[in-house]
Amino acid sequence: MSAARKEFWESKDPAGWNEEEKQVLLGQSPWARQGFARMEEEKHTAPPARNSREPVPVPDTRPGVPPGGVPSIPIGEPMPPPPPKPGGQPVQFRVLARWETAKPVRLAGAPEIPELAGQFYVIRLRGLPLMPPPDPNAAMLQAIEAGSRLERAGKPAIACAHLFKGSGKLSNDVLLFFSRAANPITNADKVVTLESRFSVFHLSIKFPLKEMIYQGDLAL
């Protein structure tokens, strides 16, 4: 039986990684996985009417619209389309989640991150259903920060401590910060799942830790 093929980051020095390999590591690797932010249709159901002659108004639940319907930072994807008709496919958006603090991601040339990253795991999200500029998306960003966590079997979840939005060419990106201090992630955890619920959307992406080893160490 032939030996399992080694990935280039296991067999090559970082100085020898070509541009194509760097892009693979940044977009399709154990540290960069794609998932879907899916609309949970039941959250679009209007509350029951008080009586047959006085229906309860249906709140505006579009991303970026706070209670009261007033649009509320530049992050950048288009508004999601209306909820699907019964029997149709659910509305979903492809999202990339990447561990920006992982050593191989840094070596592949990922954008700079704030200095306080040494105290946190930092995950970049790209492709969220956000309003295009000039809308600031303030309400949506607050919901993403409040509704995001790292989950492990048998241990308390690590809640998102801070959220930073990108700027310039990276204005569509969001950085989520999770504390390393209290209960750090170890190989024994086996799988870490990023769970994020915001507005009417749910994003869930699993990261098998045995695949996130670089030069013999867990790289997060």
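Residues numbered from 1 in each chain as written. Predicted model: local features only at pLDDT ≥ 70, side-chain atom pairs only at ≥ 80, totals over all residues. Heavy atoms only, no water.

Right, let's get into the pattern of salt bridges. What the rule picks out here adds up to 10 salt bridges. Where Arg-197 meets Glu-40, a salt bridge forms, and the shortest distance between an N and an O atom there is 2.6 Å. A salt bridge links Asp-189 to Lys-155; its shortest N-O distance comes to 2.8 Å. Residue Asp-189 is found in the loop between strand S6 (173-179) and strand S7 (191-198), and its partner Lys-155 is found in strand S5 (residues 155-165); the two are separated by 34 residues along the sequence. Classification of Asp-189 by relative accessible area gives buried; the value is 9%. One network of salt bridges, with partners in common, ties together Arg-98, Glu-100, Arg-106, Arg-124, Arg-126 and Asp-173. (Salt bridge = Lys/Arg side-chain N within 4 Å of Asp/Glu carboxyl O. Helix = DSSP H or I, 4+ residues; strand = E, 2+ residues; numbered from the N terminus. Buried < 20%, exposed > 50% of the residue type's maximum accessible area, 1.4 Å probe, protein only.)

A few words on unusual backbone geometry. Excluding glycine, residues mostly have negative phi values, and the peptide bonds linking residues are mostly trans. Positive phi, close to 70°, is recorded for Lys-190, a residue that is not glycine. Structurally, Lys-190 is set in the loop between S6 and S7.

This part takes up the packing of aromatic side chains. Each pair of aromatic rings is reported with the distance of its centres and the angle of its planes. Under the definition given, this model contains 9 aromatic pairs. Seen from their ring centres, Trp-99 and Phe-207 are 5.5 Å apart, and the 85° between their planes marks the pair as edge-to-face. With Trp-99 in strand S2 (residues 92-99) and Phe-207 in strand S8 (residues 201-208), this residue pair connects regions lying 108 residues apart in the sequence. Judged by relative accessible area, which is 0%, Trp-99 ranks as buried. On the basis of relative accessible area, Phe-207 is assigned to the buried category, the value being 0%. On the basis of an interplanar angle of 45° and a centroid distance of 4.9 Å, the ring pair of Phe-164 and Phe-177 is categorised as tilted. Here Phe-164 is found in strand S5, whereas its partner Phe-177 is found in strand S6, with 13 residues between them in sequence. Three or more aromatic residues link up through ring pairs in this structure, and these residues are Phe-8, Trp-9, Trp-17 and Trp-31. (Phe/Tyr/Trp six-rings, centres within 6.5 Å; stacked < 30°, edge-to-face > 60°.)

As a further point, take the confidence of the model for the protein. Of the residues in the protein, 76% reach a pLDDT of 70 or more, and the chain-wide mean stands at 82. For the protein, helix H1 (residues 8-11) is the element with the lowest average pLDDT, namely 94, and strand S4 (residues 148-152) is the one with the highest, namely 98. Here residues 43-59 is modelled with pLDDT under 50, and outside its nearest four sequence neighbours on either side it reaches 15 contacts, counting other chains as well. The model gives residues 62-85 a pLDDT under 50, and that stretch makes 85 contacts with residues more than four places away or in other chains. (pLDDT = per-residue confidence, 0-100. Contact = heavy atoms within 4.5 Å.)

Turning our eyes to something else, we now look at the sheet that holds strand S3 (residues 120-126). Reading around the circumference, S1-S2-S3-S6-S5-S4-S7-S8 is the order of the 8 strands in this closed barrel, with antiparallel pairing throughout. Averaged over neighbouring strand pairs, the angle between their axes works out to 30° when direction is ignored. Bridge count for S4 against S7 is 4 bridges, and the pairing is antiparallel. Note on S7: the bridge partner recorded for Leu-150 is Leu-194. Contacting strand S1 (32-39) and S2, helix H2 (residues 19-27) crosses the sheet at an angle of about 40° to S1. Across the face of the sheet, helix H4 (residues 138-146) comes into contact with S4, S5, S6 and S7 while running at roughly 155° to S5. (Pairing = 2+ DSSP bridges. Axes fitted to C-alpha atoms, helices over the stretch in contact; angles between N-to-C directions.)

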